[in-house]
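# Summary of structural features
Below are the chains, spelled out letter by letter.
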Amino acid sequence: MSCPAFYGHRSIAANSAGAKSHAARLDFNLRRSHKMTHILFNLRKLLFPILVIGTLVCLTPSPTQAKDTWISVRTKNFTLVGNASEKEIRQVATRLEQFRDVLRRLLKGAKFETPVPTTVIVFKSMSSYKPFNIGNNAGYFQKGDDVNYITLSTKLGGQNPYRIIYHEFVHLLVDNNLGNVPPWFNEGLAEYYSTFEIEEDRKVHLGELIPYHLQTLREDKLLPLRTLFAVDHYSPYYNEGSKRGVFYAESWALVHYLILSNNGQHFAQLSQFLNLTDEGVAMDQAFKQSF
Ligand SMILES: [Zn+2]
């Protein structure tokens, strides 16, 4: 499974000028890790095809662009690599650890140890991220046989970048615990937890409203549930910019409703619905049986 995090179809504008010839001149000046060769190898495996495309397309060098410095930071549960500042990368690491810790307390029984390590690649800007990010996504989770990757940028034109961190981490957790689940559930759940806030390291906020999803739900024509449930990773609603907004907004709203309404009673029904569809029961039948 791979998942582009989508944040506000009206919002992310990457600066393509800054990306010119960037891919050809990336200087992986990594330090401090004995295992970095392994990570580098995998990083290159992931990025090489995009790197080549970026190099071919962007033939004009930008004389003003400074060389990147890539550093790595390790925490208890994550390896982070990035060309953002060390302070920013450490902030991402802290947020990930805090979020993981809160979810671990909330979701007792969930598997938090992943079979393969996860590397988080933190780009300093959307323009820096662009050569590796054909879909112009705000973040991305890529499952792998020997390593999982989360990629993201800490600069999102005024938006809170930590929402992407939480969003992508939920995908990692879902993948680790549930395997294949329908995109509407995976994206809706990731969006639901993406609003995580922690006040003074003590008070946690979950399930906050997301204004641009509310705006989309007010303004756009909603998808029938049958259409929403049928969206897969190849669907236009998952991939096309003009259609993704309503898919993400509606997925978020539905998961939000199923988690919080009626004191959480619907969540057991949702669980049954997912189990039945996973077993191959037709969607209409599974829906009638579960809700
Ligand atoms: Zn996602």
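Below you will find a few notes about this structure. (Residues numbered from 1 in each chain as written. Predicted model: local features only at pLDDT ≥ 70, side-chain atom pairs only at ≥ 80, totals over all residues.)

### Observations concerning the overall build of the chain
Helix and strand counts for the chain stand at eleven helices and eight strands. Within the chain, the proportion of its 291 residues that are buried is 35%. A fraction of 70% describes how many contacts in the chain between residues 6 or more apart in sequence connect residues 24 or more apart. (Helix = DSSP H or I, 4+ residues; strand = E, 2+ residues; numbered from the N terminus. Buried ≥ 20, exposed ≤ 12 C-beta atoms within 10 Å, placed from the backbone. Contact = placed C-beta atoms within 7 Å.)

### Considerations on the nonpolar core
A general feature of soluble globular proteins is that nonpolar side chains tend to end up buried together. In terms of nonpolar packing, the biggest core is built from 52 residues, with V92, V122, I165, Y166, F169, V170 and L189 touching the most fellow members. Of all the elements, helix α4 (residues 162–178) adds the most residues to this core, at nine residues. Not counting residues up to four positions away in its chain, the partners in contact with I165 are V92, R95, L96 and L152. (Core = buried A, V, L, I, M, F, W, Y, C linked by C-beta atoms within 7 Å.)

### Focus: the environment of L178
Here L178 is to be found in helix α4. Spatially, the C-alpha atom of L178 lies 9.7 Å from that of K111, the residues being 67 residues apart in sequence.

### Digging into the packing of helix α10 (residues 265–278) against helix α11 (residues 283–290)
Where α10 contacts α11, the axes come no closer than 9 Å and their chain directions differ by 150°. Between α10 and α11, the crossing angle belongs to the class labelled roughly antiparallel. Crossing of α10 over α11 shows right-handed handedness. In contact with Q269, Q272, F273, L276 and T277 of α10, α11 contributes M283, A286, F287, Q289 and S290. By residue class, the composition of the contact of α10 with α11 is five nonpolar, five polar and no charged. (Axes fitted to C-alpha atoms, helices over the stretch in contact; angles between N-to-C directions. Parallel < 35°, antiparallel > 145°, perpendicular 65-115°, else oblique. Left-handed = near helix turned anticlockwise from the far one by under 90°. Nonpolar A, V, L, I, M, F, W, Y, C, P; charged D, E, K, R; others polar.)

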